[in-house]
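# Overview (structure and organization)
Here are the chains, one letter per residue:
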Amino acid sequence: MLDLQGSSITRPYAIQNVGVTGLQYPLTVGLHGQTFRTGALWSLGVSLPASQRGAHMSRFVECIDGLGERPVDLPGMVDFCRHVSGRLEAERTRCGVEFTWFRRVKAPVSGMESYNPHLIRWSVDWFDSQAGGNSKPSVDLQVQVAVKALCPCSKAISDRGAHNQRSTVTVSLTAPASAAATIPSVERIVAMVESHASAPVYPLLKRADEKFVTERAYDNPVFVEDLVRAVAGSLSDMPGVESFRVHVQNHESIHAHDCFAEITSP
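Residues numbered from 1 in each chain as written. Predicted model: local features only at pLDDT ≥ 70, side-chain atom pairs only at ≥ 80, totals over all residues. Heavy atoms only, no water.

### A word on the pairing of strand β2 (residues 34-48)
Bridge count for strand β1 (residues 15-31) against β2 is 14 bridges, and the pairing is antiparallel. When the sheet's bridge partners are listed, Leu31 is paired in β2 with Gln34. If you look at the hairpin formed by β1 and β2, you'll find 2 residues sitting between the two strands, and His32 has a positive phi there, around 55 degrees. Note that β2 and strand β3 (residues 92-106) share 6 bridges and pair antiparallel. Its bridge partner being in β3, Trp42 is matched across the sheet by Val97. (Pairing = 2+ DSSP bridges. Helix = DSSP H or I, 4+ residues; strand = E, 2+ residues; numbered from the N terminus.)

Here is the structure:
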């Protein structure tokens, strides 16, 4: 059958990244001793030499489907990206998958349990060792954590109460692909972020829990700047972290805009 991907081209430009994005396909995740099947959002791409007209797009989906129900963890994502690279005969391959991890949590007073969602993204940048050059395969872990932040200024100037907001903290860790197994666990990252906030957030709270969370936040006010610096400081001291980026966004309760702060490691 005619294969136009291999036909002649009129513009001899190499393409750094071409592939599929926004692909929804199931994934079996292996995380913290848990195995769960979930819907995932995929993005896969490869480099394309100037001599080749097109990439074989169907092979991306074939590779994902080939995983079947086999559990995949972060090191397994590196192996998967290496497989995609070989299947498409690419010098450079970029694979990303995004999914939600539901963490079982207990309310602070009642002890009632519920699921807290965390958006997780694994990304791998793979280079063919035969292609030469100084670039090395790398892996990126991204975790989103929702917490509560209470404004220190509002508390200081108000006779009663203080405004507070839900904050979204996004932590991104980057390391060589060979070190994927030593990157801190998602569970550890989440616990660390929550420890620096005014208070954690919970899906299920009874009245005694609400009182506890409200008072804890009031006793631990933090600016968006305080929160991003505290998280960055803990990451700097955490074994297995080579480089990081922390982004905090406060979804403001009394302003018509949000606030953010960001730190990237040197």
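Here the narrative resumes, following the displayed structure.
### Comments concerning the packing of helix α4 (residues 186-196) against helix α6 (residues 224-237)
Relative orientation of the contacting elements α4 and α6 amounts to 140 degrees, with a least axis distance of 9 Å. By the angle between their axes, α4 is oblique relative to α6. When you trace α4 past α6, the crossing you get is right-handed. Where α4 abuts α6, its residues Met192, Val193 and His196 lie against Leu227, Ala230, Val231, Ser234 and Leu235. Considered class by class, the residues forming the contact of α4 with α6 number 6 nonpolar, 2 polar and no charged. (Axes fitted to C-alpha atoms, helices over the stretch in contact; angles between N-to-C directions. Parallel < 35°, antiparallel > 145°, perpendicular 65-115°, else oblique. Left-handed = near helix turned anticlockwise from the far one by under 90°. Contact = heavy atoms within 4.5 Å. Nonpolar A, V, L, I, M, F, W, Y, C, P; charged D, E, K, R; others polar.)

### Here we look at the pattern of salt bridges
A complete count under the given rule lists 8 salt bridges for this structure. With a closest N to O distance of 3.0 Å, Glu113 and Arg104 form a salt bridge. Taking the relative accessible area as the measure of exposure, Arg104 reaches 45% and is therefore partly exposed. For Glu262, the salt bridge goes to Arg245, with nearest N and O atoms at 2.9 Å. With Glu262 in strand β9 (residues 259-264) and Arg245 in strand β8 (residues 243-251), this pair connects stretches of sequence that are 17 residues apart. Among the residues examined, Arg245 registers a relative accessible area of 31% and is labelled partly exposed. One network of salt bridges, with partners in common, ties together Arg92, Arg94 and Asp125. (Salt bridge = Lys/Arg side-chain N within 4 Å of Asp/Glu carboxyl O. Buried < 20%, exposed > 50% of the residue type's maximum accessible area, 1.4 Å probe, protein only.)

### Let's talk about the packing of aromatic side chains
Taken as a whole and judged by the stated rule, the model has 3 aromatic pairs. Taken together, the ring pairs connect Phe36, Phe99 and Trp122 into an aromatic cluster. Positioned over the ring face of Tyr115 is Arg104, at 4.6 Å from the centre of the ring. Note that Lys155 overlies the ring of Tyr218, its terminal NZ or CZ placed 4.4 Å from the centroid. (Phe/Tyr/Trp six-rings, centres within 6.5 Å; stacked < 30°, edge-to-face > 60°. Lys NZ or Arg CZ within 6 Å of the ring centre and 35° of its normal.)

### What to know about the side chain of Glu194
Counting through the fold element by element, Glu194 comes out in helix α4. What makes Glu194 buried here is its relative accessible area of 12%. At 2.7 Å, the side chain of Glu194 forms a polar contact with the side chain of Arg103. In this structure, Glu194 is in contact with Arg103, Asn116, Val145, Val147, Pro200 and Arg216, ignoring residues within four places of it in sequence. (Polar contact = N/O pair within 3.5 Å; in protein donor to acceptor, adjacent residues only side chain to side chain.)

### With respect to the environment of Ala208
With respect to the helices and strands, the residue Ala208 is situated in helix α5 (residues 207-219). Considered as a pair, Ala208 and Ala175 are 33 residues apart in the sequence and their alpha carbons are 43 Å apart.

### Here we look at helix α2 (residues 74-87)
Its 14 residues place the ends of α2 20 Å apart at the C-alpha level, agreeing with the 20 Å of an ideal helix rising 1.5 Å per residue. On its buried face, α2 is in contact with β2, α1 (58-65), β3, β4 (113-127) and β5 (138-150). Among the residues of α2, the N-terminal cap falls to Asp73, whose side-chain oxygen and the backbone nitrogen of Gly76 are separated by 2.8 Å. (Expected span 1.5 Å × (residues − 1).)

### A short note on the nonpolar core
One broad trend across soluble globular proteins is that nonpolar side chains are buried collectively. Ranked by internal contacts, the top residues of the largest apolar core, which has 65 residues, are Leu27, Trp42, Phe80, Trp122, Leu141, Val193 and Leu235. Contacts of Leu235, omitting those with residues within four sequence positions, involve Val171, Leu173, Met192, Val241, Phe244 and Val246. (Core = buried A, V, L, I, M, F, W, Y, C linked by side-chain atoms within 4.5 Å.)

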